[in-house]
Amino acid sequence: MNKHLFSILALVCVAFSCSDDGKDEDPKPESVEVSFAEPDASIDVYAGDYFQVKIKQFDKTKHGLSLNGVTLSASGVGGKDSNGYTVVEIFTPAKVGSGRLVLTNGEEKLNGPTVTYNKQYYAARIWHLYHGMGMAVLPNDRVLIYDPGWTRWETMRFDGFRKDEHDMYWATVRMGDTGFDNAMIAYGLYSSDAENGGTGMTVDPVGDLYFYQLTGDYQTHDAPARRNILTTPATAMTESSFMADFYHPESVQDQITQVSDLESDSKGNLYTVLTKQKYIQKITEGVVSNFVGSTTQGTADGTGANAQFSLIQAIGIDGQDNIYVADSNRVRQITPAGVVTTLAGSTTAGYVDGTLTEARFNYIAALTAAPDGTLFLYDRDNKSVRIISADRSRVSTLRVARTNIAGNTFEPGFSDHHLPMTLDSRGNLFLAQSAENKSRGQAFHILVPEDNIPDDVFNGIISGSFNYVVSSEFVGEE
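Parameters at a glance
- Residues numbered from 1 in each chain as written.
- Predicted model: local features only at pLDDT ≥ 70, side-chain atom pairs only at ≥ 80, totals over all residues.
- Heavy atoms only, no water.
- Helix = DSSP H or I, 4+ residues; strand = E, 2+ residues; numbered from the N terminus.
- Buried < 20%, exposed > 50% of the residue type's maximum accessible area, 1.4 Å probe, protein only.
- Contact = heavy atoms within 4.5 Å.
- Areas by Shrake-Rupley, 256 points an atom, 1.4 Å probe, with all protein chains shown as cover.
- Pairing = 2+ DSSP bridges.
- Core = buried A, V, L, I, M, F, W, Y, C linked by side-chain atoms within 4.5 Å.
- Salt bridge = Lys/Arg side-chain N within 4 Å of Asp/Glu carboxyl O.
- Polar contact = N/O pair within 3.5 Å; in protein donor to acceptor, adjacent residues only side chain to side chain.
- Arc of directions from axis to C-beta.
- Phe/Tyr/Trp six-rings, centres within 6.5 Å; stacked < 30°, edge-to-face > 60°.
- Lys NZ or Arg CZ within 6 Å of the ring centre and 35° of its normal.

Visitor: How do you make sense of the overall build of the protein when you look at a structure like this?
Guide: A count of helical and extended segments in the protein gives 4 helices and 36 strands. Looking at the protein as a whole, 51% of its 478 residues are labelled buried. Residue pairs in contact within the protein that sit at least 24 positions apart in sequence constitute 56% of those at least 6 positions apart. Taken as a whole, the protein presents about 22,100 Å² of accessible surface, with 49% of it coming from carbon and sulfur.

Written out as structure tokens, the structure is:
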């Protein structure tokens, strides 16, 4: 019996063995290595642009690409190279933001290059203003403009986009009259010298407005008899009078000369840019002192009078009371203690974006600082607005979303010196330029960041629909 039992078991084992050998099995999927050629690279992009990366064994039917959770449209350009890499072209959607590019391969997620998303701006251009103007932001976020050509004060703010009956969008600018004109004429204020640029104006933290003006005989236009900085509560700009002179001309007439830029820090101290001077003054409770620089022209960094400047065009102050100076082809930084260093640029003119040491500029004629420290510069001879990032990692060129400015450039005017430039609380950038010749008015730009543009309007702008946003229009105050 044992022999028969062993025989049966052997047959069963053979049967099972034969059955296992003949079983159909699914072949294992081929292992395909998917990877980025340069996962640590950094790529700058703008909405509406395409950028390229190289991905090994990329297949758009199996793999997905995303940025900040947004699925991106991507396709291979050409076939795979000898190493299995495909050049992949990717479209940048609007307002996607910065982050790591992510490739999805089944359950696996691979991090790719860092994508830096740059904001674009829409430029609303206005022509009716005149050279030699001053500009400051009032407590109600209106931008106050002084037009010395007409001895007139106006307020301005960007008021969004309006769709008309033809489904065309208009950028609207709301203008207001301060009612301040008669007071200026009555006091005989003398128009500033337009050849030297703007008129210094600023609003301090408590809302007082300070502005510089030459005074003389308004009727005869005699030579200015005195040089003053005047003050008034900003709320009084709708009234017909202002407070007494901030300075007594007898005591400080020779100290002030022509103030083409005037800024206030968080403590109410005033700082001046004096036309054709190589130093910056500090004014505390009416007392004038030299803060940094001297009458000696130069490039030296240092503290106080030991620092030297070449050609001071404008200043801006950030939320930490650091002062930034447009000094010919360089940007200088001044601490509240008066320590001057070179932040970016070189004594050699050029046009280079990149790190602060790599960056080159060519005649910086205007500058303003955002509270977070981001700097905006009007780079006159490069016909562009440049941006120094808040983290000081790089210099870039502001891009106008749509070629409503030819070639995305800002054509310099006949007196583009000491120009007013400022930001409102929403990040809209206001820049005044003179015209290309004296017979025309000012080229005034309101540069609106894409964050302040509705999605449907912005998508229309970057799509190349040149008539999507027609032009700027003026509307009166409420």
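Visitor: Quick question: what am I supposed to make of the sheet that holds strand β6 (residues 74–77) here?
Guide: One key point about sheets: their strands pair by backbone hydrogen bonds, in either a parallel or an antiparallel sense. As summarised here, the arrangement of the 4 strands in space is β1-β3-β7-β6, forming an open sheet in which the pairing is antiparallel. Strand pairing shows two members of the sheet lacking a second neighbour, β1 (35–36) and β6, which therefore form its edges. Two strands pair when backbone bridges link them, and β1 and strand β3 (residues 50–56) are joined in this way by 2 bridges, in the antiparallel orientation. Bridge pairing in β3 places F36 opposite I55.

Visitor: Got a minute to help me understand the sheet that holds strand β4 (residues 63–67) in this structure?
Guide: Strand order across the open sheet formed by 5 strands is β2-β9-β8-β4-β5, with mixed pairing between neighbours. Only two strands of the sheet have a single partner each, and these edge strands are β2 (42–46) and β5 (70–71). Pairing of β4 with strand β8 (residues 99–105) involves 5 bridges; the strand directions are antiparallel. Pairing of L65 across the sheet is with L103, part of β8.

Visitor: Can you walk me through the nonpolar core in this structure?
Guide: Taken as a class, soluble globular proteins show a tendency for nonpolar side chains to be buried jointly. Membership of the largest hydrophobic core comes to 44 residues, with the highest contact counts inside it found for V53, I55, L65, L101, M156, F444 and I446. A per-element tally of this core places strand β14 (residues 169–177) first, with 4 residues. Residues in contact with I55, not counting those within four places in the same chain, are V34, S35, F36, L65, G84, Y85, T86, V88 and L103. Counting residues in hydrophobic clusters, the runner-up holds 19 residues, among them L398, F410, L423 and L429.

Visitor: So what exactly am I meant to see when it comes to the pattern of salt bridges here?
Guide: In a structure, side chains of opposite charge can pair up when their charged atoms sit close to one another. Enumeration according to the criterion identifies 16 salt bridges in this entry. Residues D424 and R426 are paired through a salt bridge, measuring 3.6 Å at the closest nitrogen-oxygen approach. Connected through shared salt-bridge partners, D301, D327, R330 and R332 make up one network.

Visitor: How should I be thinking about the environment of A432 in this particular structure?
Guide: When you line up the elements, A432 lands in strand β34 (residues 429–433). Once the C-alpha coordinates of A432 and A366 are considered, the two residues, 66 residues apart in sequence, prove to be 9.1 Å apart.

Visitor: Sorry if this is basic, but what is going on with the pairing of strand β19 (residues 259–264) here?
Guide: Consecutive residues of a regular strand have side chains that alternate between opposite faces of the sheet. Among the 6 residues in β19, 6 count as buried, and that is most of the element. Bridge count for β19 against strand β20 (residues 270–274) is 5 bridges, and the pairing is antiparallel. Across the sheet, the residue bridging to D261 is V273, located in β20. Hairpin geometry of β19 and β20 is characterised by an intervening segment of 5 residues between the two adjacent antiparallel strands and by a positive phi of about 90° at G268.

Visitor: Help me understand unusual backbone geometry, please; the structure alone is not making it clear to me.
Guide: Positive phi, normally seen in glycine, also occurs at N68, with a value near 55°. With respect to the helices and strands, N68 occurs in the loop between β4 and β5. Relative accessible area serves as the criterion here: at 45%, N68 is assigned to the partly exposed category. Phi at D141 takes a positive value of approximately 70°, unusual for a residue other than glycine. With respect to the helices and strands, the residue D141 is situated in the loop between β11 (134–137) and β12 (143–147).

Visitor: What is the right way to look at the side chain of T397 in this model?
Guide: Its place among the elements puts T397 in strand β31 (residues 395–397). A relative accessible area of 16% means that T397 is categorised as buried. Looking at T397, its side chain comes within polar contact range of the side chain of D353, at 2.9 Å. With residues near it in sequence (within four places) discarded, T397 still touches Y46, Y351, D353, S384, V385 and R386.

Visitor: Even after reading the chapter, I still don't get the side chain of T422, so can you show me in this structure?
Guide: Within the secondary structure layout, T422 lies in strand β33 (residues 421–423). Sequence-distant contacts of T422, defined by excluding residues within four places in its chain, comprise M135, V137, V143, T368, N428, L429 and F430.

Visitor: Would you take a moment to explain helix α4 (residues 455–462) for this structure?
Guide: In an α-helix there are 3.6 residues to a turn, and that puts residues three or four apart on one side. Burial in α4 covers these residues: V457, F458, G460 and I461. Take α4 and look down its axis: the buried residues cluster within an arc of 160°, on one side only.

Visitor: What exactly am I supposed to notice about the packing of aromatic side chains here?
Guide: Two aromatic rings are characterised by how far apart their centres lie and by the angle between their planes. This structure, assessed with the given rule, holds 4 aromatic pairs. By way of ring pairs, the aromatic residues Y122, F158 and F161 are connected into one cluster. A cation over a ring is seen here: R380 above Y363, with NZ or CZ 5.7 Å from the ring centre. Residue placement shows R399 over the ring face of Y46; its charged tip is 4.6 Å from the ring centre.

Function cannot be inferred from these measures alone, as they are strictly geometric.
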